[in-house]
Each structure stands twice: as structure tokens, then as C-alpha cells.
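# Survey of secondary and tertiary structure
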Number of protein chains: 2
Amino acid sequence: MRARAPLPVERLIEAFARLPGIGPKTASRLTYYLLRAPEQESLELAQALGEMRPGTRLCPRCFNITTIEVDLCEVCADDARDTGVVCVVEDPLDALAIERTGQFNGRYHVLHGAISPVEGISPDDLKIEELARRVSQEKIAELILATNPTLEGEATAMFLKRRLDGVPLRITRLARGLPAGGDLEYADISTLSQALEGRLEL
Amino acid sequence: MRARAPLPVERLIEAFARLPGIGPKTASRLTYYLLRAPEQESLELAQALGEMRPGTRLCPRCFNITTIEVDLCEVCADDARDTGVVCVVEDPLDALAIERTGQFNGRYHVLHGAISPVEGISPDDLKIEELARRVSQEKIAELILATNPTLEGEATAMFLKRRLDGVPLRITRLARGLPAGGDLEYADISTLSQALEGRLEL
């Protein structure tokens, strides 16, 4: 007896709710918003969704996301970038975040994840052998391990360090410490310990 | 010099970020999730988006959302529902919420918003005259004003009451008081005042 939303509405709610971090309530809200908004808005989102995957692929060198039309990604194809420094990240979003700082002029290597026994992600699932190959083929002087400061990110960095043991190469990692704008009082023990440990001369 | 995300990726991020409550960070997260998920997931969302608007329309009686194939919505077409009671709501989602209680067996009237001078929404922008017409044409014994307990919802309810002044009709509104599972200590003054005012014999 209880009436439900019309099927086309239900279907969109369900499709939205399948996205990570979008619960059924948010999915409903977005759907009913699009019911009232100009239809163009739904169509533009539909088009962008339909075109993203066919329009992108992984760069064969660094495995970052790039457009289908090019051989190498923007960074790898850029002659002005330092080919001797490679920043290893878990995801394309991490590379983008580092680009946004404007402080890095080397290249990237995107692992596409981190080692996680819990989630069943082993080193073989990541672009680790591809990195080892790059290290042996390209003239790389420094590898910056910029995996996340999480259990999985740490384990991945440690694994990489062991995997590349003996290769004449500087391996560094991002500094740990207090985040800018953070409050010492609210810093967790681990962050504060690392900030102490890594203290610098003033 | 700073590399950006590939254009098809940027476009999807922008399209997501246009949705209400989706900031640029969430939009990026959703986009990069879809880059890794099976392509089918993007395509299903795109299809649901493309089909929702063409597949739906407003019920000509109650103005709730319904499928394009039917004359009247599921509730209006249901002979088992009480035609003498009409619940007036701001949005289709509100009607769905009331349906979910399983406690209401009448029909609905969806106003499609609430009077809001700030947002420039006047009574003419809402389905108010359509409600007045229904009241004069259908045999309606009770109108339950289920607008939101907000300034705009209250104003809309007051406006409706004045607009229908003199019509032989019972006009009621949803009860105010403490929400189930709520904590008296944390109830706001207005809610607690209304709970006191509307107290019931035990």
C-alpha cells in the first residue's frame, strides 16, 4: 500500500548510493535536486560520466591518469622537468596534491594503491615491478617515497626500500611533523613524537 | 608548469561539484573512485541520469513526481486510499517520508517549495492555487499541513490557512514536540516550549 518513488527516480538514487561516502539520504537529496534543476545539469553530468573512462588511460611510464590522445602524460612529456627525481605516490590524487604545491619539478610514479593484507592488496597488485624497471632503465638519482602516513603507506614504503636494496639511489620520504595551522595541544601522540624526533635547528 | 588532471577527469569533477553539498574534494574523490571502479558503474549512473527526467513528470492532481507512462500518480490512482484527507507537503521527499511511516492513507498535495522572501519564492511560485482548486472540486474533509517546522514552512502554513479561510474544512498540522530518541537536555528552547504546550494526558 505504501507508495514508493517512481522507478526512474529510484534507479538514480540507487546509482548515486553506490558511490563511496554517498548514503541513501544524500543519494535521495541529489536525485530530487536534479529533478528540480534544469535538465541540462543531469545531462552534463551523464555526459561527463560517459566520456571519462573512454577519454583516459594510464601513462605507460608513470601510470598516472592521462588523456587517450597522448603517448606520455603531461609530466613525463615535459622536457623542463627533472628526470632524475621520481616521486612515488599511491594515487593520481596524491600526485595532483604535490603538483598543487608548485614545489616539485621531477616526475611521478603512481603505485595505484598500497600494500594491505586486510584488503587483500599484495605488492603484485601495485606498479612496483614497473618502478623497479624504471629505476634500472632511467637515470634516477632520487626516489621520494610519498605514500600516505598510514599503516599501509608505511608498509609499502618499507617494502619498496627493501625491494630496491643495493640499487645506487637516494631514497627519501616526506617529512613528518605538525601540520601547518595545527594545534600542538590536539596533535596525536604519533605525530607529536615524529615532530620531536625530526626537530630542526633554528 | 604545474600539471593538472586530464580534461575528461576535470570535467567530471566539475560536474559533480555542481551538485549541492558536493565540494571540490568530494567531487575529486568520487571521480577518482570511478576511474578505478568497473566502467559499468560510471555507465549505469550516466544512464540513470539520462533517463530520470524524460521518464518522470508531475501528477496533474497532487503534483508529486510520477512516471511518464501513467495518468495519475500511484497514490492518486489508488482506490483504496482515503480521498477525504490530503496531506500538504513542500517536496516529494516529504511525501515519501510520510509514506514510510505507513500511518497515512490519504492523498498528498506537493507545493514544490515554501514561501521564502529571502530566496524570492512567493505563493505564486508554489502549487497553492492548484490546492485551492482541489479543495473546491474534491470532497476534502481534512487538510493536514505538513510543511517543515522552519520559518518558511510556518509562513507557508499560515498563508494556506488564510487563503482557505471560510472553506468548510478541517485544517490540521503535524504535532510538535520531542523527537523519538532525543534527549530533553539537548532539546532547543523552541522544541521544548512546543512539547510543553502540546502536552498530553497520560
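The sections below set out a description of the structure shown in this document. Just so it is clear, the structure is predicted and the values come from calculations on it, not from any experiment. (Residues numbered from 1 in each chain as written. Chains lettered and ligands numbered in written order. Predicted model: local features only at pLDDT ≥ 70, side-chain atom pairs only at ≥ 80, totals over all residues. Heavy atoms only, no water.)

Closest axis-to-axis distance for the helix α4 (residues 92–101) of chain A/helix α2 (residues 24–36) of chain B pair is 10 Å, and the angle between their directions is 140°. Accordingly, the angle class assigned to the pair α4(A) and α2(B) is oblique. Here α4(A) contributes A:Pro92, A:Leu93 and A:Leu96 to the contact with α2(B), which in turn contributes B:Ser28, B:Arg29 and B:Tyr32. Per-class residue counts for the contact of α4(A) with α2(B) are four nonpolar, one polar and one charged. (Axes fitted to C-alpha atoms, helices over the stretch in contact; angles between N-to-C directions. Helix = DSSP H or I, 4+ residues; strand = E, 2+ residues; numbered from the N terminus. Parallel < 35°, antiparallel > 145°, perpendicular 65-115°, else oblique. Contact = heavy atoms within 4.5 Å. Nonpolar A, V, L, I, M, F, W, Y, C, P; charged D, E, K, R; others polar.)

A few words on the pairing of strand β3 (residues 85–89) of chain B. All names here are of chain B. Taken across its five residues, β3 has five buried, putting it largely inside the fold. Alternating residues of β3 divide into Val-85, Cys-87 and Val-89 and Val-86 and Val-88, and every residue in both groups is buried. The pairing of β3 with strand β5 (residues 142–145) spans four bridges and is parallel. Paired with Val-88 across the two strands is Leu-145, which belongs to β5. (Buried < 20%, exposed > 50% of the residue type's maximum accessible area, 1.4 Å probe, protein only. Pairing = 2+ DSSP bridges.)

Next up on the list: the interface of chain B and chain A. Listed as interface residues are 62 residues of chain B and, on the opposing side, 62 residues of chain A. Remark: the boundary between chain B and chain A carries four salt bridges. Across the pair A:Arg18 and B:Glu44 runs a salt bridge whose closest N-O atoms are separated by 2.7 Å. Where chain B meets chain A, there are twelve residue pairs in polar contact (both at pLDDT 80 or more). Those elements giving two or more residues to the side of chain B that touches chain A turn out to be α1 (7–17), α2, α3 (39–55), β2 (65–67) and α4 (92–101) of chain B. At 15 residues, the largest contribution of residues to the side of chain B that touches chain A is made by α3(B). Split by residue class, the side of chain B that touches chain A holds 33 nonpolar, 13 polar and 16 charged. (Salt bridge = Lys/Arg side-chain N within 4 Å of Asp/Glu carboxyl O. Polar contact = N/O pair within 3.5 Å; in protein donor to acceptor, adjacent residues only side chain to side chain.)

The operation relating chain B to chain A is a screw motion whose rotation component is 180°, with 0.0 Å of axial translation and a residual RMSD of 0.0 Å. Interpreted geometrically, this transformation is the action of a two-fold axis. Minimal C-alpha distance to the rotation axis in chain B is attained by B:Ala46, lying at 2.1 Å. Taken as a fraction of all interface residues of chain B, those also at the interface in chain A reach 100%, which identifies the copy contact as same-surface. (Least-squares fit on C-alpha atoms with pLDDT ≥ 70 in both.)

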